Amino acid sequence: MNVPFLDLRAQYDLIRDEIARAVQSVMENTAFAGGPFVEKFEEEFAAYCGGCRYAVGVGSGTEALWLALLAIGVGPGDEVITAPNSFIATAEAISYCGAKPVFVDIDEKTYTMDPRLLEAAISERTKAIVPVHLFGQSADMDPIVALGRKYGIPIIEDAAQAHGAKYKGRRVGSLGVAGCFSFYPGKNLGAYGEAGAVTTNDGSIAEAVRLLRDHGQASKHNHTMVGWNARMDGIQAAVLSVKLKRIDEWNSVRRQKAEKYRQGLSGVEGIMLPTAADYAEHVYHIYAIRVGNRDDLIRYLAERGIQCAVHYPVPIHLQPAYESLQLAQNEFPIAEKCAAEYVSLPLYAELTDDEVAYVCRNIKEWCGQASAVMSGT
Ligand SMILES: *Cc1c(COP(=O)(O)O)cnc(C)c1O
């Protein structure tokens, strides 16, 4: 049996006619950059994210983070606190504002920023806090928001992996001053190319992001600030409008598949399964287990047609790109330990129960062999 890590084709096959009509309609209207399809999707997505007042479409999740940080005034000399176990874009966006990323280690169960360690990282220079809703689970927002309030520091959510996820019943993207989303094709809500969005209830942030994404152009040929070209494509917006209607259903099937994995793998010696916190409605963008001898498991499964991935093997503070921060090994021990052990299993709405069972069976077989080797039998 072949189980790919991701199967975008299977999803496309289910919606191809509607996608074709949507894309054709963009072409008939020649609404390619920005325009009515983007505005329509912005309205729909804002409503989806807990009734946020605004969503502003941009070119990628990285741009969403960058422009949201610029919009709240992050600049050179500032510090922005985030987690070290994210995709590197979270830190890059901070760096591209001229600010310095400051990391806080993660909670060993939820893999998101540990709020107990946050206060110690706050300094006079801290201009924003960016918790990452990693793998589809919201960070523990109440204590983070409370600290933000105590020190007057805005919270910007990196929700790139968590479309539709909830924290205590509230949707991510509506929990801080702004939420940043990616619609990279492999995300839970994926475009057919690159796209992103910033959600917010703050009209001045929405307006600033709108200006920044369009060369600071307040009205035709009137540039009131130095901006950038970070607009969303009409075709991406039209595709996203089609897929947004189905995201809750797809997320709920993802949760069912995750439950199948949990049933199939619980009690298996030597592997740790993901934890859904009491406060969270997890949307399982990534189903990451943890295991000691990771490379061996990945190889074993690959030989049996099962494709896994690792998100992410090297934490951001240990990447060569961030050498200048001079953060040593062991600086964030939990993030480093998890990074060495994560294995992401295939998980998407189109994955069949048979495929989940096949993956579980092979993981169990591998665990059995590994423990036999250890006990010398
Ligand atoms: C995907 C991702 C991003 C970046 O989004 P792009 O659309 O690829 O630019 C940022 N943060 C996290 C946590 C991500 O997973």
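Keep in mind that this is a model prediction, so the values were computed, not measured.

### Brief notes about the pairing of strand E4 (residues 126-130)
One face of the sheet, then the other: side chains in a regular strand alternate in exactly this way.
Point 1. Of all 5 residues that make up E4, 4 are buried, and the element is covered over most of its length.
Point 2. Two strands pair when backbone bridges link them, and strand E2 (residues 79-82) and E4 are joined in this way by 4 bridges, in the parallel orientation. Residue pairing for E4: valine 80 is matched across the bridge by alanine 128.

### Considering the domain arrangement of the chain
Point 1. Assigned domains within the chain: domain 1 (8-244) and domain 2 (247-375).
Point 2. For domain 1 versus domain 2, the separation of C-alpha centres amounts to 25 Å.
Point 3. If you look at the interface, domain 1 gives 47 residues, while domain 2 gives 37 residues.
Point 4. Together, the buried faces of domain 1 and domain 2 total about 3,600 Å²; carbon and sulfur atoms form 60% of this surface.

### Brief notes about the site of the ligand
Point 1. Contacts to the ligand come from 15 residues, most closely from Gly61, Thr62, Asp158, Ser182 and Lys187.
Point 2. The separation between an oxygen atom of the ligand and a polar main-chain atom of glycine 61 is 2.7 Å.
Point 3. Within the side chain of serine 182, one N or O atom sits 2.6 Å away from an oxygen atom of the ligand.
Point 4. Protein contacts shield 94% of the accessible area of the ligand, which totals 380 Å² for the unbound molecule.
Point 5. Secondary structure elements with two or more residues in the shell around the ligand: helix H3 (61-71) and helix H4 (89-96).
Point 6. At 3 residues, the largest contribution of residues to the shell around the ligand is made by H3.
Point 7. Grouping the amino acids of the shell around the ligand by side-chain chemistry returns 6 nonpolar, 7 polar and 2 charged.

### Brief notes about the packing of aromatic side chains
Point 1. Summed over the entire model, instances satisfying the criterion amount to 16 aromatic pairs.
Point 2. For the ring pair phenylalanine 41 and phenylalanine 45, a centre distance of 5.4 Å and an interplane angle of 25° mean the geometry is stacked. Of the two residues, phenylalanine 41 and phenylalanine 45 both sit in helix H2 (residues 36-48), 4 residues apart, roughly one turn of that helix. Here phenylalanine 41 and phenylalanine 45 have matching classes, each one buried.
Point 3. The ring centre of tyrosine 48 lies 4.2 Å from the NZ or CZ of arginine 171, which sits over that ring.
Point 4. Here arginine 304 stacks its cationic end above the ring of tyrosine 300, 3.6 Å away from the centre of that ring.

### Brief notes about the sheet that holds strand E3 (residues 100-103)
Point 1. Overall, parallel pairing links the 3 strands, which are arranged E3-E2-E4 in an open sheet. Single-partner strands in this sheet number two, and they are E3 and E4. Within this sheet the neighbouring strands show an average axis-to-axis angle of 30°, counted without direction.
Point 2. Running over the sheet, H4 touches E2, E3 and E4 and is turned about 140° from E3.

### With respect to the sheet that holds strand E6 (residues 166-167)
Two pairing modes exist for strands in a sheet, parallel and antiparallel, and in both the strands are linked by backbone hydrogen bonds.
Point 1. With antiparallel pairing, 3 strands are arranged side by side in an open sheet as E7-E6-E13. Both edges of this open sheet fall to strand E7 (170-171) and strand E13 (280-281), since each of them pairs with a single strand only.
Point 2. Note that E6 and E13 share 2 bridges and pair antiparallel. Each bridged residue has a counterpart across the sheet, and for tyrosine 167 the counterpart in E13 is alanine 280.

### A closer look at unusual backbone geometry
Point 1. Going from histidine 311 to tyrosine 312, the amide bond is cis rather than trans, its omega being 0°.
Point 2. Despite not being glycine, tyrosine 111 shows a phi value in the positive range, around 65°.
Point 3. As for its placement among the helices and strands, tyrosine 111 is situated in the loop between E3 and helix H5 (118-121).
Point 4. Residue tyrosine 111 is classed as buried on the basis of its relative accessible area, which comes to 4%.

### So, the nonpolar core
Point 1. Membership of the largest hydrophobic core comes to 57 residues, with the highest contact counts inside it found for Phe41, Phe45, Ile81, Leu118, Ile129 and Phe183.
Point 2. At the level of secondary structure, the elements contributing two or more residues to this core comprise helix H1 (8-28), H2, H5, helix H6 (141-151), helix H8 (234-244) and helix H9 (247-265).
Point 3. Taken domain by domain, the makeup of this core includes at least three residues from each of domain 1 (8-244) and domain 2 (247-375).
Point 4. When neighbours within four sequence positions are excluded, leucine 118 is seen to be in contact with Ile81, Val104, Met113, Ile129, Ile144 and Leu147.
Point 5. Ranked by size, the runner-up nonpolar core spans 28 residues in total, among them Tyr261, Tyr300, Cys308 and Val359.

Conventions adopted
- Residues numbered from 1 in each chain as written.
- Predicted model: local features only at pLDDT ≥ 70, side-chain atom pairs only at ≥ 80, totals over all residues.
- Heavy atoms only, no water.
- Buried < 20%, exposed > 50% of the residue type's maximum accessible area, 1.4 Å probe, protein only.
- Helix = DSSP H or I, 4+ residues; strand = E, 2+ residues; numbered from the N terminus.
- Pairing = 2+ DSSP bridges.
- Domains from an automatic or database assignment.
- Contact = heavy atoms within 4.5 Å.
- Buried area = accessible area lost by both parts, 1.4 Å probe.
- Near = heavy atom within 4 Å.
- Polar contact = N/O pair within 3.5 Å; in protein donor to acceptor, adjacent residues only side chain to side chain.
- Areas by Shrake-Rupley, 256 points an atom, 1.4 Å probe, with all protein chains shown as cover.
- Nonpolar A, V, L, I, M, F, W, Y, C, P; charged D, E, K, R; others polar.
- Phe/Tyr/Trp six-rings, centres within 6.5 Å; stacked < 30°, edge-to-face > 60°.
- Lys NZ or Arg CZ within 6 Å of the ring centre and 35° of its normal.
- Axes fitted to C-alpha atoms, helices over the stretch in contact; angles between N-to-C directions.
- Core = buried A, V, L, I, M, F, W, Y, C linked by side-chain atoms within 4.5 Å.

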